[in-house]
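# Summary of structural features
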2 protein chains.
Amino acid sequence: MSTGRPKVWINGRLAERIDALDRGLQYGDGIFETMRLCDSRIRLLEFHLQRLRAGLARLNIQLPANIRTELSQVAARHADGVLKLIVTRGVGPRGYRPDRAARPTRVLSFEHMPVQGQSAALPARVRVCSIKLGQNPALAGLKTLNRLESVLARSEWSHAGIWEGLMRDEDDNFVSGTMSNLFVRRRSVLLTPSLHSCGVAGVMRRWVIKTAPTLKLRVVVGRVRWADIGSAEEVFMSNAIVGVKSVRSCEWRQQRRSAHFQNFTVAEQLRLRLCRL
Amino acid sequence: MSTGRPKVWINGRLAERIDALDRGLQYGDGIFETMRLCDSRIRLLEFHLQRLRAGLARLNIQLPANIRTELSQVAARHADGVLKLIVTRGVGPRGYRPDRAARPTRVLSFEHMPVQGQSAALPARVRVCSIKLGQNPALAGLKTLNRLESVLARSEWSHAGIWEGLMRDEDDNFVSGTMSNLFVRRRSVLLTPSLHSCGVAGVMRRWVIKTAPTLKLRVVVGRVRWADIGSAEEVFMSNAIVGVKSVRSCEWRQQRRSAHFQNFTVAEQLRLRLCRL
């Protein structure tokens with residue numbers, strides 16, 4: 001839970017409301033980025049901007065020209081917190097067909113860091129969700145406004161002790177958490193799910209993939225099955241806000257399976273690196 | 001194209017803007033219905049209300065109490081046009097987890113009937129889209145605000161002579177149009193795609209399925225392959241606004257295939273029935 005209402009800027013102006021005919025609301029026709037602000041700096045800003053640019057290009061939405069300036073102005077005025085940027089295709093007539101004349105809408109919001117129910121450094125309990133991720137290569141990897149699968153997955157549990165839920169595709173491959181990416185380590189091999197057909201390619205995932213080789217790890221991007229989780233030495237999740245979160249147990253109630261982990265060394269090394277960013 | 005800006009009521013009050021923190025925008029966390037208003041009456045109102053209720057129940061969003069009254073009040077003040085109702089989970093804190101305290105938001109809009117590029121009675125040209133529908137039984141059939149697949153499919157063509165695009169699932173089963181449902185007739189058998197894993201279960205589709213037996217047709221809900229389209233006597237599409245639209249040709253450029261139809265009899269009979277509703 002966060003404290004109070006976030007500050008919101010719509011197309012660069014402090015505002016609370018957006019046009020009800022915006023395609024972001026009508027069809028989820030847009031992209032978003034959730035960014036961690038530390039000491040007035042946006043962590044992994046370049047990765048966020050690159051993903052935003054790539055996502056908007058895939059949806060054929062024009063990149064607003066002044067995004068970087070706008071982000072840095074808001075960052076300069078706040079020390080720590082969460083910045084969320086939504087870019088939609090803008091207001092248009094009814095109907096799915098994108099209107100070429102539409103001008104993208106920017107919704108930027110700032111809020112203070114949420115008070116964690118548990119320390120970020122404390123290894124987490126995670127569970128396996130029932131709802132699965134639909135596969136669609138055209139949208140895979142993008143952080144679009146179509147997030148109902150994550151909403152339904154996150155509503156499967158309310159126990160405050162469970163930090164995250166793991167989501168599978170239709171073939172029972174593990175893809176990600178509802179709000180984070182998954183890493184599974186066995187010896188010096190760090191396995192993370194391929195996101196070619198579903199899932200969101202997190203910026204923190206990208207950073208972990210880039211950083212792991214400097215920790216003498218070999219990163220494999222591929223299929224992740226339950227057997228990989230069950231036989232792992234270490235499991236952790238990544239997310240732009242939380243960073244790298246160790247996992248101490250994973251429960252799959254439907255299948256009466258569980259896995260427990262006592263090794264948190266690589267996640268700890270990554271957290272130390274992250275502090276120096 | 002419609003004429004002018006639609007009138008919008010948010011939670012029963014004439015308004016143009018919605019809270020930017022509404023989960024409808026943030027995550028596409030909601031449902032919508034698009035309804036045809038004829039002579040101040042909403043066509044297939046009960047089907048719309050039933051689908052809305054079922055959809056909100058699947059998403060665990062509370063059904064607003066006064067929807068029926070609100071719809072009939074707006075209907076009474078307008079003769080003909082399109083009514084669109086969005087119900088979202090409402091405003092909530094950041095994060096996918098639904099807030100139980102959130103109160104649903106209603107966005108109702110009215111606009112005059114769009115001027116058709118071609119007569120509604122004229123048989124249409126349709127094409128096969130490249131983008132496919134992701135499969136997810138948990139959301140299949142629902143008209144949720146997560147509509148990016150339809151947006152991308154509809155952006156595949158701009159030729160005004162092409163009325164609709166057909167969408168397939170990952171296994172190349174034909175599922176629906178971007179904004180309509182598909183019916184394929186051979187003799188007295190009317191085949192329409194099963195929507196158990198993707199697609200939107202249109203209210204006009206429901207009406208056709210209910211009405212067809214009175215025209216001595218046997219309705220089969222199942223897999224629809226290209227061979228079914230290629231060997232059909234008659235093909236038509238259904239949609240709450242347009243009604244029943246005959247298809248005269250279907251092009252699948254990628255595969256260099258096409259199918260042509262000269263029989264429009266059942267669609268014509270259905271259109272006559274629809275006039276009497």
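Residues numbered from 1 in each chain as written. Chains lettered and ligands numbered in written order. Predicted model: local features only at pLDDT ≥ 70, side-chain atom pairs only at ≥ 80, totals over all residues. Heavy atoms only, no water.

## A short note on the sheet that holds strand 4 (residues 30-38) of chain B
Residue and element names in this part refer to chain B. As summarised here, the arrangement of the 6 strands in space is 2-1-7-6-4-5, forming an open sheet in which the pairing is antiparallel. The strands lining the two open edges of the sheet, one partner per strand, are strand 2 (13-14) and strand 5 (41-42). Relative to strand 6 (residues 81-88), strand 4 is paired through 8 bridges, and the arrangement is antiparallel. Of the residues in strand 6, the one forming a bridge with M35 is L83. Running over the sheet, helix 2 (residues 45-59) touches strand 4, strand 5 and strand 6 and is turned about 175° from strand 4. Against the sheet, helix 3 (residues 67-76) contacts strand 1 (7-10), strand 4, strand 5, strand 6 and strand 7 (105-111), and its axis sits at roughly 20° relative to strand 7. (Pairing = 2+ DSSP bridges. Helix = DSSP H or I, 4+ residues; strand = E, 2+ residues; numbered from the N terminus. Contact = heavy atoms within 4.5 Å. Axes fitted to C-alpha atoms, helices over the stretch in contact; angles between N-to-C directions.)

## Points about the packing of helix 2 of chain B against helix 5 (residues 203-211) of chain B
Residue and element names in this part refer to chain B. At a closest axis distance of 9 Å, the pairing of helix 2 and helix 5 adopts a crossing angle of 120°. Comparing their axes, helix 5 and helix 2 come out oblique. In this structure, helix 2 crosses over helix 5, and the sense of that crossing is right-handed. Contact residues: F47, H48, Q50 and R51 in helix 2; V203, R206, W207 and K210 in helix 5. In the contact of helix 2 with helix 5, the residues fall into 3 nonpolar, 2 polar and 3 charged. (Parallel < 35°, antiparallel > 145°, perpendicular 65-115°, else oblique. Left-handed = near helix turned anticlockwise from the far one by under 90°. Nonpolar A, V, L, I, M, F, W, Y, C, P; charged D, E, K, R; others polar.)

## Considerations on the interface of chain B and chain A
Taken residue by residue, the interface counts 62 residues in chain B and 62 residues in chain A. Carbon and sulfur atoms make up 62% of the area that chain B and chain A hide from each other, which totals about 5,100 Å². Where chain B touches chain A, the interface holds 4 salt bridges. E111(A) is the salt-bridge partner of R94(B), the closest N and O atoms lying 2.8 Å from each other. Connecting chain B to chain A are 23 residue pairs in polar contact (both at pLDDT 80 or more). Broken down by secondary-structure element, the contributors of at least two residues to the side of chain B that touches chain A are strand 1, strand 3 (17-19), helix 1 (23-27), strand 4, helix 2, strand 6, strand 7 and helix 4 (148-154) of chain B. (Buried area = accessible area lost by both parts, 1.4 Å probe. Salt bridge = Lys/Arg side-chain N within 4 Å of Asp/Glu carboxyl O. Polar contact = N/O pair within 3.5 Å; in protein donor to acceptor, adjacent residues only side chain to side chain.)

## A short note on the pattern of salt bridges
Enumeration according to the criterion identifies 32 salt bridges over all chains in this entry. With its nearest N and O atoms 2.9 Å apart, the salt bridge here joins E234(B) to R185(B). Placement of the pair is E234(B) in strand 14 (residues 234-239) and R185(B) in strand 11 (residues 181-186), with a sequence separation of 49 residues. Judged on exposure class, the residue E234(B) and its partner R185(B) are both buried. Among the charged side chains, a network of salt bridges with common partners joins R5(A), E16(A) and D19(B). (Buried < 20%, exposed > 50% of the residue type's maximum accessible area, 1.4 Å probe, protein only.)

## Digging into the pairing of strand 8 (residues 124-128) of chain B
All names here are of chain B. Where burial is concerned, most of strand 8 is hidden: 5 out of the 5 residues are buried. By the alternation rule, side chains of strand 8 split into A124, V126 and V128 and R125 and R127, which are all buried. In this sheet, strand 15 (residues 243-252) lies alongside strand 8 in parallel orientation, the contact comprising 4 bridges. Each bridged residue has a counterpart across the sheet, and for R125 the counterpart in strand 15 is S249.

## Focus on the pairing of strand 6 of chain B
Residue and element names in this part refer to chain B. The element strand 6 is extensively covered by neighbouring structure, given that 8 of its 8 residues are classed as buried. Alternating residues of strand 6 divide into G81, L83, L85 and V87 and V82, K84, I86 and T88, and every residue in both groups is buried. Across 7 bridges, the pairing between strand 6 and strand 7 is antiparallel. Each residue of the ladder has a partner; that of L85, found in strand 7, is L108.

## What about the relation of the copies chain B and chain A?
Aligned on chain A, chain B shows an RMSD of 0.0 Å; the corresponding rotation is 180° and the shift along the axis is 0.0 Å. Here the transformation between the copies is reduced to the relation of a two-fold axis. (Least-squares fit on C-alpha atoms with pLDDT ≥ 70 in both.)

## Digging into the confidence of the model for chain A
Confidence in the prediction for chain A averages 95 pLDDT; 97% of positions are at 70 or higher. In the predicted assembly, ipTM is 0.96 and pTM is 0.96. (pLDDT = per-residue confidence, 0-100.)

## A look at unusual backbone geometry
Notably, N60(A) is not glycine yet its phi reads approximately 60°, a positive angle. Note on N60(A): relative accessible area 66%, which makes it exposed. At L44(B), a residue that is not glycine, the phi angle is positive and equals roughly 55°. Summarising the element assignment, L44(B) is placed in the loop between strand 5 and helix 2.

## Some remarks on the packing of helix 2 of chain B against helix 3 of chain B
All names here are of chain B. For the pair helix 2 and helix 3, interaxial distance at closest approach is 12 Å and the crossing angle is 145°. Handedness of the helix 2/helix 3 crossing: right-handed. On helix 3, the residues that touch L45, E46, L49, L52 and R53 of helix 2 are I67, R68 and L71. Here the contact of helix 2 with helix 3 is built from residues that sort into 5 nonpolar, no polar and 3 charged.

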